[in-house]
Amino acid sequence: MESTSKSLNADDPEELEESERDETSATLPPSPCSLMDCSFISPNLLETKPSSPSSGSSSSVLSLSPPLPPSVDITDVMSETRLTLDVYRGGAAALPLLWGSVPHQLKGLQYLRLGSEEKLGTEAALDVLPHLTDLLSLLIRGHRFYDAQGDPLPGLLTTLPQSMSALSFLTHLDISFNQLSSLPSCLLHLPALSSLVLCHNRLSALPPDMDQLSSLTFLSLMGNQLVSLPQSLGQLKALQTLDVSYNLLQQLPDETGSLESLVKLELSHNKLKELPETMGSLLSLRELVINSNDLRVIPQSLKKLPQLKIDSNNNPLGQPLKPSHLPSSPEHKEPKLEELHLGYSQHSFWVPSAGCHVFLPGGAELLFPPECLHTTTRLQWAWKRPERKWVHLEDHEILLSRPLELSPHGISFLKPVEVCVPYHRSRRKEIVVRKFDGQSWSILTTVLKRGSPNNSCHPGGRPALLACCSIQQFSWFMVVSRLVRDTCSVTAAGALLVSTSDPAVKLTFPQHSTLEIRTITLQVLPASPSEVQSLCGDPQATVSPLLCLSQTPNKNFLQPVKVQIPLPAGVTGHSVDRSCLHLLHGDPTAQTWTDITSQVSLEITQIYAIFYITHFSWYWLWYTTQRCVSGVVRKVYQRLKQFKVQFLVMQKKTDPPQVLLQCLPANKVDSRVQSLLAQYDGPHPSDLCDLLEGEQFFAGFERGLDISTDSPDCVEGRLRFVFYSSLKNLKEVFISPAAGQAVPVRGQVSFYRGDIPESLPEEVARKRKGLDSQWLATLPLRLPALNSENNYIIEEPQYPPLNLGDPESGYLTETNLLNISLRIGKDWQRIGMNLDLTKEELERIQYKHKDNLHGLVLDMLFCWARGQKAAGSGSVSKLMAAMMESGRTDLAEEINDIVSIGKRKYSESLRRVGLEAGSPSVSETQQ
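Everything numeric here is computed off the predicted structure, so don't read it as measured data. (Residues numbered from 1 in each chain as written. Predicted model: local features only at pLDDT ≥ 70, side-chain atom pairs only at ≥ 80, totals over all residues. Heavy atoms only, no water.)

A.B. asks: Help me out: how do you make sense of the overall build of the chain in this one?
C.D. replies: The helix and strand tally for the chain stands at 18 helices and 48 strands. Looking at the chain as a whole, 48% of its 927 residues qualify as buried. Relative to all contacts within the chain whose residues are 6 or more apart in sequence, the contacts with residues 24 or more apart total 60%. For the chain, the exposed surface amounts to about 44300 Å²; the carbon and sulfur share of it is 50%. (Helix = DSSP H or I, 4+ residues; strand = E, 2+ residues; numbered from the N terminus. Buried < 20%, exposed > 50% of the residue type's maximum accessible area, 1.4 Å probe, protein only. Contact = heavy atoms within 4.5 Å. Areas by Shrake-Rupley, 256 points an atom, 1.4 Å probe, with all protein chains shown as cover.)

In structure tokens, the structure reads:
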């Protein structure tokens, strides 16, 4: 397949909602037609008419009408067994023409691709298909081309001829993005068909005799209008993948549990209210996608399948079923709750006994059901600063929202109240709401969903992503993402626990391993081999995922527990050197690591390592050619908890004393700078530093700069920050020149862990890296001078007068350069490189003028020109050569004309005063 589908993140409701899944290639198994190689053509192909030596394409030999486009050669679309006619619009019309010219060559076709965007050409091609009896793969798809507005052209295929049942060898058929309202009956008579793709058509039902497709292993019906599935679908014993997502299904037949070979089942974005218990018989099932339905419970039979991974996001799981209402009984109709929209200054509100739906600024929502309170009650809300006293994070957890305080604390409700906290998008881990009751933290059952459309975070924006929980009392709430936690209860009968984030990780609890019931928690932390190699200095080092095991109660097991873990990346059972393999035991409390390889029996299979333990902690399998010591492992583990960050210090263009300071993860810096450049100027972002989630650091101003002490975050002249990777770690303050400064001040702001050193070494102040362990970064600032009216003088960039070259050989004035700069435009960077400006200089110029192309061009041109003052006539010729090398011949010719005119004027002036050799002087002429 040539198109690729959008990747859906089941943990991200925004991606699930945005993606329309209009492509299917990523869901298909590899098919022969997707591996076409049209780089050769049979020597005796088209032998009926010899081609002329001057002919550049064989299309003229066939006299096709419509002909192949000039850019498409016959060798690009046809080979001995392959024909690709969806490389240009209307290509399907060429099939009957080729059939009329070289039918004996087409009879051997095995792989054929057609577009279906033109009705007449498609219908003519369908008449030829029954004659191509050797076909193995056939594609007739729409959405292959786009109109002038950029919209995809729809496929016009509405049915297939009954005569297509003659294609007895056809194994793969893709007729996606067309207008089929029913399944063509001819498909039921294709005995070899194993892959059928019918995505994005108009199917509302399937025929009851679907069981005739007994060879089918892959069936995709995504993006249709199916309301139900036939019972006969359960007879497709060979079916391995079934995709019926983005339909209107309300239930599944019980026969779905008979699909004994099914490995993957896609049911997302339907209207399913329940799943049949018979699905517990799908022992081969490994992946079940059921997100975005109306499921409130998952059958227990499915939960018993040990190797099954279930994606169930965006379902009302665990919520009580709403009572049904009779249309004829209006007194039973559920009343609509009153909506209450609060502003940022409204920190209190009244909730009546009838309940209400409260919308808080920033996207949060509170849902008070009727009769949750005896009487009308006044309640309060407040967003708290994400300081460490309000935020509790464990290892590898990330804060996704500010803490939301709801008061009065401890107030009890008669019915559960739904609290929905907006959070920043997270592409990894699981998202939960954490509650603080004033003494301890706890995790609440969390449901992720979209907020109300009329309560978006930004005016006119999309609804917020909400993490919702049901509560009985008010307190503090925040959203965090954490490593996926898999739990199970272990009894004397034993149990099996499989990681949902990495199914290769398994824990097997034998019988009689415990006398009491224990709750087991398993977390898996992946680690990048490249990161491990750079940190420990071993280019061959690689590691397995880190296992974090815990249990309640915390006692040793009576029988050894079997642990299965994948071997480190790149290591197999055949290639492993046992002397380089180390099993590390970690103590999460003491942050120590111990090599226990000699203390356990480590079994190695082709892709797994197996060992047995009697107590739970952390376990990590390392493969390294160096001696594995706890210090190296501790260093690597510490780095896995850190973020690469950069610091920004920017000054407001209209008010330079107003300074914005921000700390961002490195991957967010460029986009943030781009959004700030309209209002702020600033230096480059700082070098990379490492910070932990929730780490406190300070910023201090030095060298003639004072900070306004009115800032609540100002502590003894320092600004206090707490870094949270998903929140905006920024502050905006006013600075002023220190006492006695009457001229422009060139100062700096430095960032530190903890306190600022008492004395800052001069060599450290000049650099962004220092010897102090508390040091993070330093960035420069420049405060302009004050005028007589005590206002800051806003300096405009000045370009000094420049004259390149010399009068005798011709020169360019500053005015000439300004005129040339107006025409350079987006070619500035290429021209700058050909003028031998360094990459660092070009990056500095680009950063400084990202929002001003003309200013960017001027800075580049004059930066080069200022360095050419003493170059004489050579600078002009160098500028012309750079224009030529950059493809700007027009500018090179303009410069040459300017120089030529300058030379002529110079010669004329010499002639007028009689200084030119061989010319009469002015006095001689007058005589």
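A.B. asks: Can you walk me through the confidence of the model for the chain in this structure?
C.D. replies: It should be kept in mind that the predicted coordinates are not to be read in detail where pLDDT is low. Of the residues in the chain, 79% reach a pLDDT of 70 or more, and the chain-wide mean stands at 78. Segment residues 1-61 is flagged for pLDDT under 50; beyond a separation of four residues in sequence, or across chains, it makes 136 contacts in the model. In this model residues 323-333 is a low-confidence stretch, pLDDT under 50, and it forms two contacts with partners more than four residues away in sequence or in other chains. (pLDDT = per-residue confidence, 0-100.)

A.B. asks: Which parts of the structure should I look at to understand the environment of L226?
C.D. replies: On the secondary structure map, L226 appears in the loop between β6 (218-220) and β7 (241-243). L226 gets classed as buried once you look at its relative accessible area, which sits at 0%. Through-space distance from the C-alpha of L226 to that of N247 is 5.4 Å; in sequence the pair is 21 residues apart. In contact with L226, not counting residues within four places along its chain, are L203, S204, A205, L206, L221, N247, L248 and L249.

A.B. asks: How do you make sense of the packing of aromatic side chains when you look at a structure like this?
C.D. replies: Counted by the stated rule, this structure contains 20 aromatic pairs. Taking the centre distance of 5.1 Å and the plane angle of 65 degrees together, the rings of F413 and F474 count as edge-to-face. A residue pair is termed long-range when its members are at least 10 positions apart, and F413 in strand β18 (residues 412-422) and F474 in the loop between β22 (465-473) and β23 (476-482) qualify at 61 residues. Pair check on accessibility: F413 and F474 agree, each one buried. Where W620 meets W622, the ring centres are 5.6 Å apart and the plane angle is 80 degrees; that geometry is what we call edge-to-face. This pair shows no difference in class: W620 is buried, exactly as W622 is. Grouped by ring-pair contacts, the aromatic residues W593, W618, W620, W622 and Y637 constitute a single cluster. Just above the ring of F557 sits the side chain of R518; from NZ or CZ to the centre is 4.4 Å. The residue whose ring lies beneath K731 is F721, and the NZ or CZ to ring-centre distance is 4.2 Å. (Phe/Tyr/Trp six-rings, centres within 6.5 Å; stacked < 30°, edge-to-face > 60°. Lys NZ or Arg CZ within 6 Å of the ring centre and 35° of its normal.)

A.B. asks: Mind showing me how you'd approach helix α9 (residues 630-640) here?
C.D. replies: Side chains of residues three or four places apart in an α-helix project in the same direction, reflecting 3.6 residues per turn. When we look at burial in α9, the residues that qualify are V633, V636, Y637, R639 and L640. Axial view of α9: buried residues confined to an arc of 160 degrees, hence all on one face. (Arc of directions from axis to C-beta.)

A.B. asks: Looking at this structure, I do not really get unusual backbone geometry. What am I missing?
C.D. replies: If a residue is not glycine, its phi is most likely negative; likewise, a peptide bond is most likely trans. A cis amide bond links S407 with the next residue in sequence, P408, at an omega value of 5 degrees. Cis rather than trans, the peptide bond between T552 and P553 has omega equal to 0 degrees. By the element assignment, P553 lies in the loop between β29 (546-552) and β30 (561-566). Here H200, not a glycine, exhibits a phi torsion of approximately 50 degrees, which is positive. Mapped onto the secondary structure, H200 falls in the loop between β5 (195-197) and β6. Backbone geometry at S292 places phi at a positive 60 degrees, although glycine is not the residue there. In this fold, S292 is placed in the loop between β9 (287-289) and α7 (300-303).

A.B. asks: Would you take a moment to explain the pattern of salt bridges for this structure?
C.D. replies: It is possible for side chains bearing opposite charge to pair when their charged atoms get close. Counted by the stated rule, this structure contains 21 salt bridges. Of the charged contacts in the structure, one is a salt bridge between R296 and D294, with a shortest N-O distance of 3.9 Å. When the shortest N-O distance is used, the salt bridge between E516 and R518 registers 3.9 Å. By relative accessible area, which is 28% here, E516 ends up partly exposed. Exposure remark for R518: the relative accessible area of 2% places this residue in the buried category. What you see here is one network of salt bridges that share partners, running through D827, R830, R888 and D890. (Salt bridge = Lys/Arg side-chain N within 4 Å of Asp/Glu carboxyl O.)

A.B. asks: What is the right way to read the sheet that holds strand β40 (residues 696-702) from this model?
C.D. replies: Strands sit in the order β42-β43-β40-β45-β46 across an open sheet of five strands; the sheet is antiparallel. Strands at the two margins of the open sheet, each flanked by one partner only, are β42 (714-715) and β46 (775-783). Two elements, β40 and strand β45 (residues 745-752), share five bridges in a ladder whose sense is antiparallel. When the bridges of β45 are listed, E702 appears paired with Q748. (Pairing = 2+ DSSP bridges.)

A.B. asks: How should I be thinking about the environment of P184 in this particular structure?
C.D. replies: Positionally, P184 belongs in the loop between β4 (172-174) and β5. Overall, the relative accessible area of 4% leaves P184 in the buried class. For P184 and M164, which are 20 residues apart along the polypeptide, the C-alpha to C-alpha distance reads 9.9 Å.

A.B. asks: I'm lost on the packing of helix α12 (residues 814-821) against helix α15 (residues 853-866) in this one. Help?
C.D. replies: Helix packing for two helices is described by the angle between their axes and how far apart those axes are. At a minimum axis separation of 10 Å, α12 and α15 run at an interaxial angle of 140 degrees. When the axis of α12 is compared with that of α15, the two are oblique. Considering the relative orientation of α12 and α15, their crossing is right-handed. The segment α12 lies against α15, with E814, L817, L818 and S821 engaging H854, V857, L858, L861, F862 and A865. Class assignment for the residues of the contact of α12 with α15 results in seven nonpolar, two polar and one charged. (Axes fitted to C-alpha atoms, helices over the stretch in contact; angles between N-to-C directions. Parallel < 35°, antiparallel > 145°, perpendicular 65-115°, else oblique. Left-handed = near helix turned anticlockwise from the far one by under 90°. Nonpolar A, V, L, I, M, F, W, Y, C, P; charged D, E, K, R; others polar.)

A.B. asks: What is the right way to look at the pairing of strand β1 (residues 82-85) in this model?
C.D. replies: Within a regular strand, side chains alternate between the sheet's two faces. Residues of β1 alternate between two faces, with R82 and T84 on one and L83 and L85 on the opposite face, all of them buried. The sheet contact formed by β1 and strand β2 (residues 111-115) spans four bridges and is parallel. In the strand pairing of β2, L85 is matched with L114.

A.B. asks: How should the state of the cysteines be read in this particular structure?
C.D. replies: Throughout this description, disulfide means a covalent bond between two cysteine sulfur atoms. Enumeration over the complete set of coordinates arrives at one disulfide. Bridging C420 to C468, the disulfide has an S-S length of 2.3 Å. Between C420 and C468 the disulfide shows an S-S torsion of about 115 degrees. By sign, it is right-handed. Placement of the pair is C420 in strand β18 and C468 in strand β22, with a sequence separation of 48 residues. Residues C420 and C468 agree in their burial class; the two are buried. Here C469 stays free of any disulfide, with the sulfur of C468 as its closest cysteine sulfur at 7.5 Å. Among the residues examined, C469 registers a relative accessible area of 2% and is labelled buried. (Disulfide = S-S within 2.5 Å.)

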